[in-house]
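Single-letter residue listing:
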Amino acid sequence: MQASNDMSLISLISHASAPVQLIMLILLGISIMSWTYIFSKRMAIKRAHILTRRFEDDFWSGGDLSMLQQAVSTRREEQGALARIFDAGMTEFVKARRSQPHGDAGAMLDGPRRAMRAAYQREMDSLESHLNFLASAGSVSPYIGLLGTVWGIMHAFIGLSNMQQATLASVAPGIAE
């Protein structure tokens, strides 16, 4: 192992052993994916918040709910999660009211409740996508990095065992790795 005076990041990476370079590449990939998911989640939550506020303003304005439901259903993909949940519930309510115009009110609301719960769960699944990856990356990455550290120290000690006299210059590259 040759001691190098150049301690730049590029030099350290290029002089590292193949397993350490592979570990750094894996960590870089995990990092890029994590930041991509983090920024996309941030934008999705911000958009959901804006669309929810907009729908709440429309809902509480006192207008006709049938008209609101028609407006939501025609532009379903442009609407937020709350609007889609409302649309699912209102659609089921209209179906129940048509099939049982003078039925039991509690029974008439069971279908809309189920539809709204299902729509809510779909929306939550959409908002929570990729969180498992972020949780796994956050808990596993330190151990992957530790593996690289252990590999570098093992490399340094193997280099020390082949030398008659140990100096800092002979140990430093392996430890830096």
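Residues numbered from 1 in each chain as written. Predicted model: local features only at pLDDT ≥ 70, side-chain atom pairs only at ≥ 80, totals over all residues. Heavy atoms only, no water.

Quick look at the overall build of the protein chain
Here is step 1 of the chain: The helix and strand inventory of the protein chain stands at seven helices and zero strands.
Here is step 2 of the chain: Counted from the first residue to the last, the protein chain has its helices and strands arranged as α-α-α-α-α-α-α.
Here is step 3 of the chain: Against the 2.2 N^0.38 benchmark of 16 Å for 177 residues, the protein chain shows a C-alpha radius of gyration of 29 Å, more extended than a compact globule.
Here is step 4 of the chain: When its C-alpha atoms are laid out on the principal axes, the protein chain stretches across 95 × 25 × 20 Å.
Here is step 5 of the chain: Evaluated residue by residue, the protein chain yields a buried proportion of 26% over its 177 residues.
Here is step 6 of the chain: Long-range contacts, defined here as pairs at least 24 residues apart, represent 60% of the contacts in the protein chain between residues at least 6 apart.
Here is step 7 of the chain: Carbon and sulfur atoms make up 63% of the accessible area of the protein chain, which totals about 12400 Å². (Helix = DSSP H or I, 4+ residues; strand = E, 2+ residues; numbered from the N terminus. Rg over C-alpha atoms; globule rule 2.2 N^0.38 Å. Buried < 20%, exposed > 50% of the residue type's maximum accessible area, 1.4 Å probe, protein only. Contact = heavy atoms within 4.5 Å. Areas by Shrake-Rupley, 256 points an atom, 1.4 Å probe, with all protein chains shown as cover.)

With respect to the nonpolar core
Here is step 1 of the chain: Grouped together as the largest cluster of nonpolar side chains are six residues: Phe55, Leu68, Val72, Ala83, Phe86 and Met90.
Here is step 2 of the chain: Of all the secondary-structure elements, those providing two or more residues to this core are α3 (65–74) and α4 (81–99).
Here is step 3 of the chain: For this core, the leading source of residues is α4, giving three residues.
Here is step 4 of the chain: Among residues more than four places away in sequence, those in contact with Leu68 are Phe55, Asp58, Phe59 and Phe86. (Core = buried A, V, L, I, M, F, W, Y, C linked by side-chain atoms within 4.5 Å.)

As for the packing of helix α2 (residues 18–59) against α3
Here is step 1 of the chain: Relative orientation of the contacting elements α2 and α3 amounts to 155 degrees, with a least axis distance of 10 Å. In terms of their interaxial angle, α2 and α3 are classed as roughly antiparallel. Side by side, α2 and α3 meet where Phe55, Asp58 and Phe59 of the first sit next to Leu65, Leu68 and Val72 of the second.
Here is step 2 of the chain: Residue classes in the contact of α2 with α3 are distributed as five nonpolar, no polar and one charged. (Axes fitted to C-alpha atoms, helices over the stretch in contact; angles between N-to-C directions. Parallel < 35°, antiparallel > 145°, perpendicular 65-115°, else oblique. Nonpolar A, V, L, I, M, F, W, Y, C, P; charged D, E, K, R; others polar.)

Details of the packing of α2 against α4
Here is step 1 of the chain: Interhelical geometry of α2 versus α4 gives an angle of 45 degrees and a closest axis separation of 7 Å. The orientation of α2 with respect to α4, classified from their angle, is oblique. In this structure, α2 uses Thr52, Phe55, Glu56 and Phe59 to contact α4, whose residues at the interface are Leu82, Ala83 and Phe86.
Here is step 2 of the chain: A class-by-class count of the residues in the contact of α2 with α4 yields five nonpolar, one polar and one charged.

Quick look at the environment of Ile26
Here is step 1 of the chain: Residue position: Ile26 is located in helix α2.
Here is step 2 of the chain: Considered as a pair, Ile26 and Asp87 are 61 residues apart in the sequence and their alpha carbons are 44 Å apart.

Observations regarding unusual backbone geometry
Here is step 1 of the chain: Even without a glycine there, the phi angle at His130 is positive, about 70 degrees.
Here is step 2 of the chain: Tracing the backbone shows His130 in the loop between α5 (105–127) and α6 (131–161).
Here is step 3 of the chain: Among the residues examined, His130 registers a relative accessible area of 40% and is labelled partly exposed.

Here's the deal with the side chain of Arg84
Here is step 1 of the chain: Mapped onto the elements, Arg84 comes out in helix α4.
Here is step 2 of the chain: Among the polar contacts listed, one links the side chain of Arg84 to the side chain of Glu123, at a separation of 2.7 Å. (Polar contact = N/O pair within 3.5 Å; in protein donor to acceptor, adjacent residues only side chain to side chain.)

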